[in-house]
Amino acid sequence: MTLLHRDGRHFRFDAGALCLELLLTGGPGPVAAQYEVLDRVEGLLDWVGECRLAPGLDLTVTAAELATVRRTRDALWGLALARAEGAPPAPGELAAVNAAAAEAPLVAVIAADGTRAWAPGATGTGLLATVARDAVELLTGPHADRIRVCGADDCALLFADTSRPGRRRWCSMDRCGNRHKVRAHRSRAGEG
C-alpha cells in the first residue's frame, strides 16, 4: 500500500498480511486515533479499494457492522502488538477476533473471463470474517514470530516480516529505514 505520512510524503508499506493492513485505518490510543477512518462507512470502503483484496468487491456495510469492524480492529491491534512484544494475548481481544472469524467470509468466484471476482451480497460482516480469519492464520502460522513493530523510535506501524531471511526492521526502507541510514551516516561523518 502507499501511505501518506503526516509530513506530506508518500511511501510504500507492505504490512505482510491483510489483517495488519486493517490497522492502517486507525486504532486505539492517541497516535493511531490520528489516522482514524472507520468513523464513517466510506472510510472502510476506501480501505477495501486499497488493500490486498482482489478488486471489484461490491460491499454493503451497515453502521452496526462498521462499529464491529472498528472494535475488532482495535482488538487485533492488541493481539498483534502483544505477539510482537512476546506478551500473552488479552482474553477479550482473542474473543473479539475469534467471534469475527466464526462468521461467513467473503466468497471469491471465477468470473466468465477467468479472473477472480466476488460473489454478490458481500457485507461488512463477511469482510470482517475474512480479515479475522487472516489474523488467525497469521497469529498461529509460520510468520507469527515475525510480527514486528517498526524499528524507528517515532513509528508504531506493525508488519509481518515475510522476507526469506526474516531480518526486516523497518515499516519501509523508503521511509524509516532511509532516515535511519541518513542519521547513521551523519553520525559517522561527524566522528571523522
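Here, every reference points to the structure presented above.
Residues numbered from 1 in each chain as written. Predicted model: local features only at pLDDT ≥ 70, side-chain atom pairs only at ≥ 80, totals over all residues. Heavy atoms only, no water.

K.L.:
Describe the packing of aromatic side chains, listing the residues and the values that go with them.
P.N.:
Here the structure, examined in full by the defined rule, presents zero aromatic pairs. One residue, Arg168, lies across the ring of Phe159, its end atom 4.0 Å from the ring centre. (Phe/Tyr/Trp six-rings, centres within 6.5 Å; stacked < 30°, edge-to-face > 60°. Lys NZ or Arg CZ within 6 Å of the ring centre and 35° of its normal.)

K.L.:
Summarise helix H3 (residues 41-50); cite the residues concerned and give the values.
P.N.:
Restricting attention to buried positions, one finds in H3 the residues Gly43, Leu44, Trp47 and Val48. An end-on view of H3 places all buried positions within 140° of arc, on one side of the element. Across H3 from its buried face, at more than 90 degrees, point the exposed residues Gly49 and Glu50. (Buried < 20%, exposed > 50% of the residue type's maximum accessible area, 1.4 Å probe, protein only. Helix = DSSP H or I, 4+ residues; strand = E, 2+ residues; numbered from the N terminus. Arc of directions from axis to C-beta.)

K.L.:
Account for the nonpolar core, with residues named and values stated.
P.N.:
Counting residues in each nonpolar core, the largest one holds 54 residues, and the members touching the most others are Phe13, Leu20, Trp47 and Leu127. Of all elements in the fold, only helix H1 (18-22), H3, helix H4 (63-85), helix H5 (91-101), helix H6 (124-140) and strand S8 (158-160) reach the threshold of two or more residues within this core. Among all residues touching Leu20, those that are not within four sequence positions of it are Ala15, Ala80, Leu138, Leu158, Phe159 and Ala160. (Core = buried A, V, L, I, M, F, W, Y, C linked by side-chain atoms within 4.5 Å. Contact = heavy atoms within 4.5 Å.)

K.L.:
How would you explain the layout of surface pockets if you had to name every residue and give the values?
P.N.:
Put simply, the largest pocket is a space of about 810 Å³. Elements supplying a minimum of two residues to the lining of the largest pocket: strand S1 (2-4), helix H2 (30-33), H3, H4 and helix H7 (173-191). Of the residues that constitute the lining of the largest pocket, the class distribution is 20 nonpolar, eight polar and eight charged. Considering only enclosed or pocket space, the second largest pocket measures out at about 210 Å³ in volume. Around the second largest pocket, the lining comprises 13 residues; the ones closest to its centre are Leu79, Pro89, Leu94, Leu139 and Thr140. Contributing elements (two or more residues each) for the lining of the second largest pocket: H4, H5 and H6. Looking at which element gives the most residues to the lining of the second largest pocket, the answer is H6, with four residues. (1 Å grid on protein atoms, 1.4 Å probe; cavity = no way out; pocket = protein on both sides within 12 Å on 5 of 7 lines; lining within 4 Å. Points joined across faces, edges and corners; volume = space filled by probe spheres on them. Nonpolar A, V, L, I, M, F, W, Y, C, P; charged D, E, K, R; others polar.)

K.L.:
Hey, could you go over the side chain of Glu36 for me, with residue numbers and the actual values?
P.N.:
Take Glu36: it is sitting in the loop between H2 and H3. A polar atom in the side chain of Glu36 sits 2.8 Å from the backbone nitrogen of Leu38. Those residues within four positions of Glu36 in sequence are excluded, and the remaining contacts are Thr25, Gly26, Gly27, Arg70 and Arg73. (Polar contact = N/O pair within 3.5 Å; in protein donor to acceptor, adjacent residues only side chain to side chain.)

K.L.:
Tell me about empty space enclosed by the protein, and name the residues and values.
P.N.:
Scanning the entire structure with this criterion turns up two cavities of 30 Å³ or more. Of the volumes computed, that of the largest cavity is approximately 40 Å³. Leu22, Thr72, Arg73, Leu76, Val97, Leu128, Val131, Ala132 and Ala135 are the residues that line the largest cavity. At the level of secondary structure, the elements contributing two or more residues to the lining of the largest cavity comprise H4 and H6. Here the residues of the lining of the largest cavity are counted per class, giving seven nonpolar, one polar and one charged. A volume near 30 Å³ is recorded for the second largest cavity.

K.L.:
Describe the environment of Glu137, listing the residues and the values that go with them.
P.N.:
Following the sequence through the fold, Glu137 ends up in helix H6. Assessed through its relative accessible area of 56%, Glu137 is described here as exposed. Sequence separation between Glu137 and Gly8 is 129 residues, and the spatial gap between their C-alpha atoms is 34 Å.

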